[in-house]
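Breakdown of the fold
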Amino acid sequence: MSLHFENVSFTYPGAQHGIEAVTLSVAPGELLAVMGRSGSGKSTILRLTAGLLDGYRGRIAINGHDVAGVPVWRREVGMVFQQYALFPHLNVLDNVAYGLRMRGIDAAQRRARALAMLERVGLAEHAQRRTTVLSGGQQQRVALARALAIDPKVLLLDEPLAALDAGIRQQLRDEIRTLQRATGATTLLVTHDQDEALSLADRVAIIDGGRVLQVDTPQRLYERPVSAQVARFVGHSSVLPGRVIAPGTVDVSFALLRADTGALRAGDTVDLLIRPEHVEPDPPADAVNRLAGQRAEVRYFGATCRYDFIPEAASQPLLCEGRRLAEHAVAIAPEHLRVLPAQASRFC
Ligand code: ADP
Ligand code: MG
């Protein structure tokens, strides 16, 4: 089953917020993560998919069928929320079987199906217990089993790990991935956590202010962000404002740097993106893009160090990472400088 959003806009009644011209697609069996800050419109995308919000513009299609006007219960989506949202008056088994009962599946069949799902999430022996006595991680597994029990066309996960402790979060993250792969459920996962998005997703959509900035594989988002704004969502980087002065040369005010300027022209203002692991410490004197200066703040992370290096005459430090620390100079190979068109927002 696939999911498509085509130019979908939605504004909450009486508010100015929502989403703006969102175009997204989730291929059958794919896990797409929607990542963005709180308030960026992530849950709105899920609510629209589920049919919980009316009055949008654009087109939403599940498996090629426009779902405008199709009620929630007919959309056959499975949902998991941050706050488990289990039915407290039902035991674990009946929670998982709930959607099957709503669909008129007979008692024996729904029991068998619910038990099979509980088996998958490792909770079969808790079938008869009350959900309130389970840990947070167990409750979220029940919620997952409940969502998957109906064999949903689309699985919607809204920050499913956000309420859990770090250790359990990591474990359940891996379990979600395994379960999603095994069931082949077409999945939309919403999260503000980049580790979660990057480690779980086949592709990630970065959203900000209700707009999608880029949809790509985790690797391409890291290596080829379309803007400095996107780069800030994925990993660490330094962003230097600059201006192209000739093809292949960028002026960053304290130095002229060689870089691939692509289709940009002399006079264009740009953002120069530098990943910390690409800053070479104490390069040879004739190295390209060599910057003399001095090291500042060092943070130790065991296997690696992250530190600031302040090039001479620069007003901002360069973030560097590696086991060897720069003493007097650094260099960044031209192929590791990403030259991106500057965004108007930089001046806001
Ligand atoms: P996210 O899930 O990314 O944190 P949401 O999709 O819930 O963000 O919300 C997007 C924007 O819409 C936010 O600015 C939020 O304040 C606003 N919003 C969310 N729900 C409502 C609502 N029921 N009424 C008015 N505004 C809302
Ligand atoms: Mg939300």
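Given the structure is predicted, the values throughout are model-derived calculations rather than measurements.

Here's the deal with the packing of helix 3 (residues 92-102) against helix 4 (residues 107-120)
What describes two packed helices is the angle between their axes and the distance between those same axes. At a minimum axis separation of 9 Å, helix 3 and helix 4 run at an interaxial angle of 125°. By the criterion of interaxial angle, the relationship of helix 3 to helix 4 is oblique. Helix-helix and strand crossings are classified by hand; for helix 3 and helix 4 the assignment is right-handed. Two secondary-structure elements touch here, helix 3 through V92, L93, V96, A97, L100 and R101 and helix 4 through R110, R111, R113, A114, L115, M117 and L118. Counted by class, the contact of helix 3 with helix 4 contains nine nonpolar, no polar and four charged residues.

Considerations on the sheet that holds strand 1 (residues 3-11)
Read across the open sheet, the four strands follow the order 2-1-4-5; overall the sheet is antiparallel. Sheet topology places strand 2 (18-26) and strand 5 (65-66) at the edges, where each strand pairs with a single neighbour. Bridging between strand 1 and strand 2 involves six bridges; their strand directions are antiparallel. Among the inter-strand pairings, F5 is bridged to a residue of strand 2, identified as L24. Each of strand 1, strand 2 and strand 4 (57-62) touches helix 1 (residues 42-50); the most contacted strand, strand 1, lies at about 115° to it.

Structural notes on the sheet that holds strand 15 (residues 279-281)
Taken together, five strands build an open sheet; the order of strands is 15-19-16-17-18 and the sheet is antiparallel. Looking at strand neighbours, the two that pair on one side only are strand 15 and strand 18 (318-322), the edges of this open sheet. On average, each strand axis in the sheet is inclined to that of its neighbour by 45°, with strand direction left out of account. Here strand 16 (residues 290-300) runs beside strand 19 (residues 329-332); their pairing, made up of three bridges, is antiparallel. Bridged to A292 within strand 19 is A329.

About the thresholds
Residues numbered from 1 in each chain as written. Chains lettered and ligands numbered in written order. Predicted model: local features only at pLDDT ≥ 70, side-chain atom pairs only at ≥ 80, totals over all residues. Heavy atoms only, no water. Axes fitted to C-alpha atoms, helices over the stretch in contact; angles between N-to-C directions. Helix = DSSP H or I, 4+ residues; strand = E, 2+ residues; numbered from the N terminus. Parallel < 35°, antiparallel > 145°, perpendicular 65-115°, else oblique. Left-handed = near helix turned anticlockwise from the far one by under 90°. Contact = heavy atoms within 4.5 Å. Nonpolar A, V, L, I, M, F, W, Y, C, P; charged D, E, K, R; others polar. Pairing = 2+ DSSP bridges.

Just geometry here; none of it tells us what the structure is for.
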